[in-house]
Amino acid sequence: MFLKSSFLRRWFCSTNAKDIAFLYLLFAAWCGILATTMSILMRMELTSPGPGVLAGNGQLYNVLITAHGLLMLFFVVRPAFMGGFGNWLVPVRIGAADMAFPRRNNISFWLLPNALMLLLRSSLVEQGAGIGWVAYPPLSSNLSHSGASVDLAIFSLHVAGVGSLLGSINFLVTAANRRAVGMTLYRRPLFVWSLCFVSILRIVSLPVFAAGLTRLLTDRNFNTSFFVPAGGGDPILYQHLFWFFGHPEVYVRILPAFGIVSHVFSYYARKPVFGYVGRVNARGAIALLGFVVWAHHRFTVGLDVDTRAYFTSATRIIAVPTGIKIFSWLATLLAGSLWLTAPRLFALGFLVLFTIGGLTGIVLANAGVDVALHDTYYVVAHFHYVLSMGAIFGIFAAVYFWRSTITGCTYPEHHAQAHFWLFFIGVNLTFFPMHFLGLAGRPRRILDYPDAFVGWNRVASFGSYLSAFSFVYFFWIRGQAFAGTKTTAPLTTRRPALASA
C-alpha cells in the first residue's frame, strides 16, 4: 500500500540522480536551518558576560557547539555539494545518462536522515554530547560522558560515513567509466575534477576516522584502553587518527566550491578559466599534500622540534597550489568582462573570504605562533573564513548560477544581490572581530569572559543576527522564484554562454 503511490515511489525509492539531488539539497537546507539556529543561540549567550539565554549552562553550550559543528560538516556542506550539485551536474557535464550505481545512490542519501536522527537524539539524551565536533578523549570517554549520548553521536558519524563512502565510490566510477566518447581526462569540467579528488580524499581518510571512533566506542563500552592512559593507552593517538581524516576533510568541503567558482568566473568573464591544466594539477597537489600536514592542528601536544619543523614547512608548501588557483581566478577576471550578477558576487565573496582565511592559515602554520593562538578565537575565525563561510558562499553561487537549469525558474536579481551584501557584511562582522579577540587572548569553547572582551563580542553577535536575517531573506527569494515565471534559459538572463571551465 505504501509504495503504490507514485509520489511516494518517486521520492522514497527513486534511482534518478536528479530526484536524489533534489532530496540532498532539501535535506542540506533543513540541516542548515538547524545549524544556524544553534549558532545564533551561542552568539546570544556570548553577547554579554555572565548568564544569558542559556542561563550560564556550560554543558548545554558545549552540546550546541558539538551539534552545530557536526551538522555543518556532515549534514550541510557535503550533502549540498556532492549529493545535490554533484548528482545533478556530474552526469550532465560528462554526457552520462545517470550515475553508475543508481540504487547505491539512493541508499547513500537515505542513510543521512537516519544519521541525523541519531545525532539529534544524542543532544537530547541525558545532558547531551558536549564533546565538541572533534570528540577528544578523555572528554568523550566515560570519565566525562558516561551516558548513551556520546555513543549515539558516534553511531551517527558511522552511518553518515558509510553513506559518504558509497557516494564517493559512485562518483569515481561514474566519472571514470561514463564519460562521453572523446572526453579525455583533461577535457573533464573542473567541477567534475573537484568531486573526483574529493571522493579520493574521503575513501582514503574516512576508514581511518572510523577506526578511531570504533576504538573510542570500545573504550566506552567494552573496557578496552586504546585512549585510556591508566590502561596503557594514549589519547594523543586519537588525535592522530582524527586529524589524518580531519585535515583532508577541510579540502573535501572546499574543493567543490573551487570547481563552482571556476565555472562562474568563466561564464561571466566570457572566456575559459586561465590555466586549466595547472588548476587540475593544483587540485591534485592539494589532495596529496592534505594527507601529510595533519599534525599542524596539534602543535600544542608536545611534539618534538623536528616534527614541528616538518609540519610547519609542509603546511606552507600547501599554500603554493592554493595560490595557483587564486592567481588563476584573478587572471581569468583580469582579461574578462565585468558582468556583476548574484552568482558572480558570491564567487567574488568566496575569493575574498578564502584568501583571508588562507593568509591566517599561513600565520597559524608557524608552530611558535600557533602555540600562543591555538586555543583562542583566532583559530575560530580562521577555519570559519577558510572552510565554513567559503563553502557556504560556494553553495549560494551554485544555487543562483544553476537555479534556472535545475528548477526552470528565474529569481529576482536585485533581491539576490541584496542578499549577497547582507550576508557578506554579516559574516565579516561576525568572524573578523574574532581575530582581534584571539590576539587579545580570548579562549574558545568558553561561554563566559571578562568585561574586556565585551565590545568585539557584541559586534560579532550583531553580525550573526544580520547573517541569520540574510538566510531568512534567501528563503523568501526562493519562494519568489518558485512563484515567478518559468524560463528555459540557463541563467536569469538570456545572455549567451561561452566556453565553460
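The shown structure was predicted, so the numbers you read here are calculated from the model rather than taken from an experiment. (Residues numbered from 1 in each chain as written. Predicted model: local features only at pLDDT ≥ 70, side-chain atom pairs only at ≥ 80, totals over all residues. Heavy atoms only, no water.)

**So, the overall build of the chain**
Counting its secondary structure elements, the chain contains 16 helices and 0 strands. Over its C-alpha trace the chain gives a radius of gyration of 22 Å, about what one expects of a compact globule, namely 23 Å for 501 residues. Over its C-alpha atoms, taken along the principal directions, the chain stretches across nearly 65 × 55 × 45 Å. Counting the 501 residues in the chain, one finds 57% classified as buried. Taking all contacts inside the chain whose residues are at least 6 apart in sequence as the whole, residues at least 24 apart take part in 82%. Of the accessible surface of the chain, which amounts to about 19,900 Å², a share of 70% is contributed by carbon and sulfur atoms. Computed over 36 positive and 15 negative side-chain charges, the separation of the two mean positions in the chain equals 19 Å. (Helix = DSSP H or I, 4+ residues; strand = E, 2+ residues; numbered from the N terminus. Rg over C-alpha atoms; globule rule 2.2 N^0.38 Å. Buried < 20%, exposed > 50% of the residue type's maximum accessible area, 1.4 Å probe, protein only. Contact = heavy atoms within 4.5 Å. Areas by Shrake-Rupley, 256 points an atom, 1.4 Å probe, with all protein chains shown as cover. Lys, Arg positive; Asp, Glu negative; His and termini not counted. Charge placed at Lys NZ, Arg CZ, Asp CG, Glu CD.)

**Some remarks on the environment of Asn 57**
Following the sequence through the fold, Asn 57 ends up in the loop between helix 2 (17-46) and helix 3 (58-94). For the pair Asn 57 and Gly 357, spaced 300 residues apart in sequence, the C-alpha separation works out to 31 Å. Polar side-chain contacts of Asn 57 include one of 3.2 Å to the backbone nitrogen of Gln 59. (Polar contact = N/O pair within 3.5 Å; in protein donor to acceptor, adjacent residues only side chain to side chain.)

**Considerations on helix 7 (residues 235-269)**
For helix 7, which comprises 35 residues, the first-to-last C-alpha distance of 51 Å matches the rise-based estimate of 51 Å (1.5 Å per residue) to within 8%. For helix 7, the principal kink sits at Ile 254 and spans about 30 degrees; a proline, Pro 256, occurs within the next four residues. Counting buried residues along helix 7, 31 of its 35 residues qualify, which places the element largely inside the surrounding structure. Looking at the residues trailing helix 7, positive phi occurs at Arg 270, about 60 degrees. (Expected span 1.5 Å × (residues − 1). Bend = angle between axes of the 7 residues up to and from the residue.)

**Things to note about the side chain of Thr 218**
Within the secondary structure, Thr 218 sits in helix 6 (residues 190-221). A distance of 3.0 Å separates polar atoms of two side chains, one belonging to Thr 218 and the other to Thr 224. Here Thr 218 is in contact with Asn 223, Thr 224 and Phe 226, once residues within four sequence places are set aside.

**Overview of unusual backbone geometry**
Pro 138 follows Pro 137 through a cis peptide bond whose omega is 10 degrees. Here Pro 138 is to be found in the loop between helix 4 (102-124) and helix 5 (149-177). At Ala 55, a position not held by glycine, the phi torsion is positive, near 55 degrees. Mapping Ala 55 onto the fold places it in the loop between helix 2 and helix 3. Taking the relative accessible area as the measure of exposure, Ala 55 reaches 59% and is therefore exposed. We note that Ala 135 has phi near 55 degrees; this positive angle belongs to a residue other than glycine. Within the fold, Ala 135 resides in the loop between helix 4 and helix 5. Taking the relative accessible area as the measure of exposure, Ala 135 reaches 8% and is therefore buried.

**Remarks on the side chain of Ser 266**
When you line up the elements, Ser 266 lands in helix 7. From its side chain, Ser 266 meets the backbone oxygen of Lys 271 in a polar contact 2.9 Å long.

**Regarding the packing of helix 5 against helix 6**
Two elements in contact, helix 5 and helix 6, have axes separated by 8 Å at closest approach and are oriented at 155 degrees. In terms of axis orientation, helix 5 runs roughly antiparallel to helix 6. Helix 6 is crossed by helix 5, and the crossing has left-handed handedness. (Axes fitted to C-alpha atoms, helices over the stretch in contact; angles between N-to-C directions. Parallel < 35°, antiparallel > 145°, perpendicular 65-115°, else oblique. Left-handed = near helix turned anticlockwise from the far one by under 90°.)

**Things to note about the environment of Gly 163**
Within the element layout of this structure, Gly 163 appears in helix 5. A relative accessible area of 0% places Gly 163 in the buried class. Through-space distance from the C-alpha of Gly 163 to that of Gly 128 is 24 Å; in sequence the pair is 35 residues apart. Leaving out residues up to four positions away in the same chain, Gly 163 has contacts with Arg 78, Ser 108 and Leu 111.

**Focus: the packing of aromatic side chains**
All told, the structure shown has 57 aromatic pairs when counted by the stated rule. Judged by centre distance (5.9 Å) and plane angle (85 degrees), the ring pair of Trp 133 and Trp 243 falls under edge-to-face. Here Trp 243 lies in helix 7 and Trp 133 lies in the loop between helix 4 and helix 5, a separation of 110 residues in the sequence. Residue classification places Trp 133 among the partly exposed residues on the basis of a relative accessible area of 24%. Judged by centre distance (5.2 Å) and plane angle (80 degrees), the rings of Phe 346 and Phe 420 are edge-to-face. Within this pair, whereas Phe 346 is found in helix 11 (residues 342-365), its partner Phe 420 is found in helix 15 (residues 413-439), the two being separated by 74 residues in sequence. (Phe/Tyr/Trp six-rings, centres within 6.5 Å; stacked < 30°, edge-to-face > 60°.)

**Concerning the packing of helix 2 against helix 16 (residues 454-483)**
Contact geometry for helix 2 and helix 16: axes closest at 9 Å, N-to-C directions at 155 degrees. Compared by their axis directions, helix 2 and helix 16 come out roughly antiparallel. Judged by the twist between their axes, the crossing of helix 2 over helix 16 is left-handed. Note on element contacts: helix 16 touches helix 2 through Asn 457, Ala 460, Ser 461, Ser 464, Tyr 465, Ala 468, Phe 471, Phe 475 and Arg 478, opposite Ala 29, Ile 33, Thr 36, Ile 40, Arg 43, Met 44 and Leu 46. In the contact of helix 2 with helix 16, the residues fall into 10 nonpolar, 4 polar and 2 charged. (Nonpolar A, V, L, I, M, F, W, Y, C, P; charged D, E, K, R; others polar.)

**So, a nonpolar patch on the surface**
Among the surface-exposed residues, Leu 41, Met 44, Val 53, Phe 462 and Tyr 465 lie close enough to one another that they form a single nonpolar patch of about 420 Å² accessible area. For the nonpolar patch, the secondary structure elements donating two or more residues are helix 2 and helix 16. Along the polypeptide, Leu 41 turns up in helix 2. (Patch = residues over 30% accessible without salt bridge, like charges linked within 9 Å, V, L, I, M, F, W, Y side chains within 5 Å. Salt bridge = Lys/Arg side-chain N within 4 Å of Asp/Glu carboxyl O.)

**Section: the nonpolar core**
Residues Leu 71, Phe 75, Phe 209, Phe 350 and Phe 393 are the most contacted members of the largest nonpolar core, which totals 142 residues. At 20 residues, helix 3 tops the list of elements feeding residues into this core. If we ignore the near neighbours within four places in the chain, the residues touching Phe 393 are Phe 346, Gly 349, Phe 350, Leu 353, Phe 420, Phe 423, Phe 424 and Val 427. Core analysis: the next-biggest nonpolar cluster, separate from the first, contains 5 residues, Phe 299, Leu 303, Phe 311 and Ala 367 among them. (Core = buried A, V, L, I, M, F, W, Y, C linked by side-chain atoms within 4.5 Å.)

**Topic: the confidence of the model for the chain**
Low-pLDDT portions of the prediction should not be read for the details of their coordinates. A residue-level look at the chain finds 95% of positions with pLDDT of 70 or above and a mean pLDDT of 90. Per-residue pLDDT stays below 50 along residues 486-501; that stretch engages in 43 contacts with residues further than four places along the chain or on separate chains. (pLDDT = per-residue confidence, 0-100.)

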